[in-house]
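# Commentary on secondary and tertiary structure
As a plain string of letters, each chain reads:
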Amino acid sequence: QVQVVESGGGLVPAGGSLRLSCVASGRVDEIKNMGWYRQAVGQPRVLVAAIFANGNTRYSDPVKGRATISRDNAANTMYLQMNSLKQEDTARYYCNVAAGPLGDYDGYWGRGIQVTVSS
């Protein structure tokens, strides 16, 4: 089993920055791919960014140019640095880790952490 815990969320002003962290524990050797998802009120959960075992990354269009995903495998930790935050970034952010594809498959989800961008 793998457990993941997000941290670093909170209230941030528009135009500000935030860094989210996700720490994995348990059978961390199973983890190959990691990603951040978010879900706004009344909206489906969508991918924000992903980072794969080979180091390749993927970003969703709304955050391209403003977000950087990274991972520290020695610390079993993934980060999401977000800059120039907008109100539309307000959402609950979830960490997802998996041995295979990310998303609603066989991986593991954190409980999520709220990010609220104020005007």
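Before reading on, note that the structure itself is shown above.
Scanning the protein chain from terminus to terminus reveals 0 helices and 11 strands. Sequence-ordered secondary structure for the protein chain, helices as α and strands as β, is β-β-β-β-β-β-β-β-β-β-β. The C-alpha atoms of the protein chain give 13 Å as radius of gyration, which agrees with the globular expectation for 119 residues (14 Å, within 12%). Taking the contacts inside the protein chain whose residues are at least 6 apart along the sequence as the reference set, 55% of them involve residues at least 24 apart. Accessible surface for the protein chain amounts to roughly 6,300 Å². Of this, 47% is attributable to carbon and sulfur atoms.

Another point: the pairing of strand S8 (residues 77-82). By the criterion of burial, S8 is predominantly enclosed, with 5 of the 6 residues buried. Where strand S3 (residues 18-26) meets S8, 6 bridges bridge the pair, whose relative direction is antiparallel. Paired with Arg-19 across the bridge in S8 is Gln-81. The pairing of strand S7 (residues 67-72) with S8 spans 6 bridges and is antiparallel. Note that in S8 the partner of Ile-69 across the bridge is Leu-80. Remark: 4 residues form the turn of the hairpin made by S7 and S8, two consecutive strands paired antiparallel; Asn-76 in that turn has positive phi of roughly 55°.

Moving on, we come to the pattern of salt bridges. In this structure the tally under the stated criterion is 5 salt bridges. Of the charged contacts, one joins Arg-38 and Asp-89 as a salt bridge, the two residues approaching to 2.9 Å between their closest N and O atoms. With Arg-38 in strand S4 (residues 33-39) and Asp-89 in the loop between S8 and strand S9 (91-98), this residue pair connects regions lying 51 residues apart in the sequence. You'll find Arg-38 and Asp-89 in the same group, each marked buried. Salt-bridge contacts for Lys-64 lead to Asp-61; the nearest nitrogen and oxygen are separated by 3.0 Å. Each of the salt bridges in this network shares a partner with another, and the network as a whole consists of Arg-38, Arg-66 and Asp-89.

Our focus in this paragraph is the nonpolar core. With 28 residues, the main nonpolar core has Leu-20, Trp-36, Met-78, Leu-80 and Tyr-93 as its most contacted residues. Those elements that provide at least two residues to this core are strand S1 (2-7), S3, S4, strand S5 (46-51), S7, S8, S9 and strand S11 (113-118). Residue contacts for Leu-20: discarding those within four places in its chain leaves Ser-7, Gly-8, Gly-9, Trp-36, Met-78, Tyr-79, Leu-80, Tyr-93, Ile-113 and Val-115. One finds Tyr-37, Ala-50, Ala-98 and Leu-102 within the second-largest nonpolar core, a separate group that totals 5 residues.

Our focus in this paragraph is unusual backbone geometry. Within the chain, Asn-76 stands out as a residue other than glycine whose phi angle is a positive 55°. Along the chain, the position of Asn-76 falls in the loop between S7 and S8.

Attention now goes to the state of the cysteines. In the structure shown here, the tally under the stated rule is 1 disulfide. With a sulfur-sulfur separation of 1.9 Å, Cys-22 is cross-linked through a disulfide to Cys-95. In this structure the cystine formed by Cys-22 and Cys-95 twists about its S-S bond by roughly -70°; its chirality is therefore left-handed. You can see Cys-22 sitting in strand S3 and its partner Cys-95 sitting in strand S9, a full 73 residues away along the chain. Both residues of the pair, Cys-22 and Cys-95, belong to the buried class.

Rules and cut-offs
- Residues numbered from 1 in each chain as written.
- Predicted model: local features only at pLDDT ≥ 70, side-chain atom pairs only at ≥ 80, totals over all residues.
- Heavy atoms only, no water.
- Helix = DSSP H or I, 4+ residues; strand = E, 2+ residues; numbered from the N terminus.
- Rg over C-alpha atoms; globule rule 2.2 N^0.38 Å.
- Contact = heavy atoms within 4.5 Å.
- Areas by Shrake-Rupley, 256 points an atom, 1.4 Å probe, with all protein chains shown as cover.
- Buried < 20%, exposed > 50% of the residue type's maximum accessible area, 1.4 Å probe, protein only.
- Pairing = 2+ DSSP bridges.
- Salt bridge = Lys/Arg side-chain N within 4 Å of Asp/Glu carboxyl O.
- Core = buried A, V, L, I, M, F, W, Y, C linked by side-chain atoms within 4.5 Å.
- Disulfide = S-S within 2.5 Å.

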